[in-house]
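# Summary of structural features
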Amino acid sequence: MMNFFHHLSWVTIFGLLGNTISFMVFLSPIPTFYKIYKKKSTEGFQSVPYVVGLLSAMLWILYALFQSDSTFLITINALGCFIQILYITIFLFYGTRDARRLTIKLIMLLNVVAFGVVVFIILVVAKGQHRRHQILGWICLVFNVSVFAAPLGVMRQVIRTKSVQYMPFLLSFFITLSTVVWFFYGYFKKDYYIVTPNVLGFVCGIAQMVLYGIYRGGSNSKDKEIAWEEENPKGQKPLPELETCKMDNV
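Every value quoted in this text rests on a predicted model; they were computed, and no experiment measured them.

Calculation rules
Residues numbered from 1 in each chain as written. Predicted model: local features only at pLDDT ≥ 70, side-chain atom pairs only at ≥ 80, totals over all residues. Heavy atoms only, no water. Helix = DSSP H or I, 4+ residues; strand = E, 2+ residues; numbered from the N terminus. Buried < 20%, exposed > 50% of the residue type's maximum accessible area, 1.4 Å probe, protein only. Contact = heavy atoms within 4.5 Å. Areas by Shrake-Rupley, 256 points an atom, 1.4 Å probe, with all protein chains shown as cover. Expected span 1.5 Å × (residues − 1). Salt bridge = Lys/Arg side-chain N within 4 Å of Asp/Glu carboxyl O. pLDDT = per-residue confidence, 0-100. Polar contact = N/O pair within 3.5 Å; in protein donor to acceptor, adjacent residues only side chain to side chain. Axes fitted to C-alpha atoms, helices over the stretch in contact; angles between N-to-C directions. Parallel < 35°, antiparallel > 145°, perpendicular 65-115°, else oblique. Core = buried A, V, L, I, M, F, W, Y, C linked by side-chain atoms within 4.5 Å. Phe/Tyr/Trp six-rings, centres within 6.5 Å; stacked < 30°, edge-to-face > 60°. Lys NZ or Arg CZ within 6 Å of the ring centre and 35° of its normal.

Glancing now at the overall build of the chain. Regarding its fold elements, the chain presents 11 helices and zero strands. Going from the N terminus to the C terminus, the chain shows its helices and strands as α-α-α-α-α-α-α-α-α-α-α. Residue burial in the chain is summarised as follows: out of 250 residues, 46% are buried. Considering only intrachain contacts with a sequence separation of at least 6, the fraction spanning at least 24 residues in the chain is 82%. For the chain, the exposed surface amounts to about 12900 Å²; the carbon and sulfur share of it is 70%.

Structure, rendered in structure tokens:
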């Protein structure tokens, strides 16, 4: 076994590790969708994480197509697209009419219009392989940074309610581990469009685990539910699988 790894490059090793860990993170919403299936209702859960996750995977596949030797990016994000589509399909099947309508609007806006604009810019406006790679790199970088900022709302909620019910430690841990692996993948590949957002992701993940350590014995579930309902009278629930960031593509 050691002989096998000895003959692999660092890019290959971290690419394999990144695919494995990211696959586990992609599967993390399964308990949520099992609840949805059992209750035949989305119960206020939102489809936003899965629609955004699908767009993220689509963007990284497009980026990889304009870069040499990016098999690991393509494999994990193709798998990510498939899994996110499954989640969205289940959500559409069991969601309320308003939830389905909102989900379809999000898909049209993000996965059709926004992605279509990016494809148009890359294929029609941008000239040359290097220029296209640059533009796509910056788009993916900015998008991932914005997704990594998403958990700030849940972290604020943890501090306010002193409860970590909607910020599971294992999910935070594996996504933090994933950012470390993808950071080194980008570092050894000399791809700083991958390196940069994962630095922020690592800081975000560490912050969440520190919060978990501080508040894991805090307010009970009932107190947290009351506090959340005071801020969210429409009944929307925070999503445990989005509290960390990206739907872990890179």
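To continue, consider helix α9 (residues 169–189). A rise of 1.5 Å per residue sets the reference length of α9, with its 21 residues, at 30 Å; its end C-alpha atoms lie 30 Å apart and thus fit the reference within 8%. Taken as a whole, α9 has its buried residues at L171, S172, I175, T176, S178, T179, V181, W182, Y185, G186 and K189. The secondary structure elements touched by the buried residues of α9 are α2 (10–26), α5 (71–94), α7 (129–148) and α10 (192–215).

What follows deals with the pattern of salt bridges. What the rule picks out here adds up to one salt bridge. Of the charged contacts in the structure, one is a salt bridge between D98 and R101, with a shortest N-O distance of 3.0 Å. Pair noted here: D98 and R101 are both in helix α6 (residues 97–125), with a separation of three residues, about one helical turn. The class of D98 is exposed, set by a relative accessible area of 55%.

Before going further, it helps to examine α5. Along its 24 residues, α5 runs 35 Å from first to last C-alpha, staying within 8% of the 34 Å computed at 1.5 Å per residue. Check the buried side of α5 and you find it contacts α2, α3 (30–39), α4 (48–65), α6, α9 and α10.

Right, let's talk about the confidence of the model for the chain for a bit. Here the chain shows a mean pLDDT of 83. Residues at 70 or above account for 83%. A low-confidence stretch, residues 238–247 stays under pLDDT 50, and its non-local contacts, those more than four residues away or across chains, total 48 contacts.

In this section: the side chain of Q67. With respect to the helices and strands, the residue Q67 is situated in the loop between α4 and α5. Engagement of the side chain of Q67 in a polar contact is seen with the side chain of S70, the distance being 2.6 Å. Engagement of the side chain of Q67 in a polar contact is seen with the side chain of D191, the distance being 2.5 Å. In this structure, Q67 is in contact with L73, H133, K189 and D191, ignoring residues within four places of it in sequence.

A separate point is the packing of α2 against α5. Between two packed helices, both the angle of their axes relative to each other and the distance between the axes serve to describe the pair. Relative orientation of the contacting elements α2 and α5 amounts to 5°, with a least axis distance of 9 Å. Regarding the angle of α2 to α5, the classification is roughly parallel. Of α5, the residues touching α2 (which contributes V11, T12, G15, L16, N19, S22, F23 and F26) are F72, T75, I76, L79, G80, I83, Q84 and Y87.

This part takes up the nonpolar core. Of all hydrophobic cores here, the largest spans 48 residues; its most connected members are L59, Y63, L73, L136 and Y185. Counting residues per element, the ones that place at least two in this core are α2, α3, α4, α5, α6, α7, α9 and α10. Beyond its immediate stretch of four places on either side in the chain, L73 contacts Y63, A64, Q67, W182, Y185, I194 and V250. If you look at the next biggest cluster of nonpolar residues, it comprises seven residues, including V154, V164, M167 and Y215.

Each pair of aromatic rings is reported with the distance of its centres and the angle of its planes. Counting across every chain of the model gives 19 aromatic pairs. On the basis of an interplanar angle of 80° and a centroid distance of 6.2 Å, the ring pair of Y63 and Y193 is categorised as edge-to-face. Note that Y63 is positioned in helix α4 and Y193 in helix α10, a separation of 130 residues in sequence. The class for Y63 is buried, based on a relative accessible area of 0%. Three or more aromatic residues link up through ring pairs in this structure, and these residues are W10, F14, F183, F184, Y187 and F188. Here the guanidinium or amino end of K40 rests over the ring plane of Y37, the centre of that ring lying 4.0 Å away.

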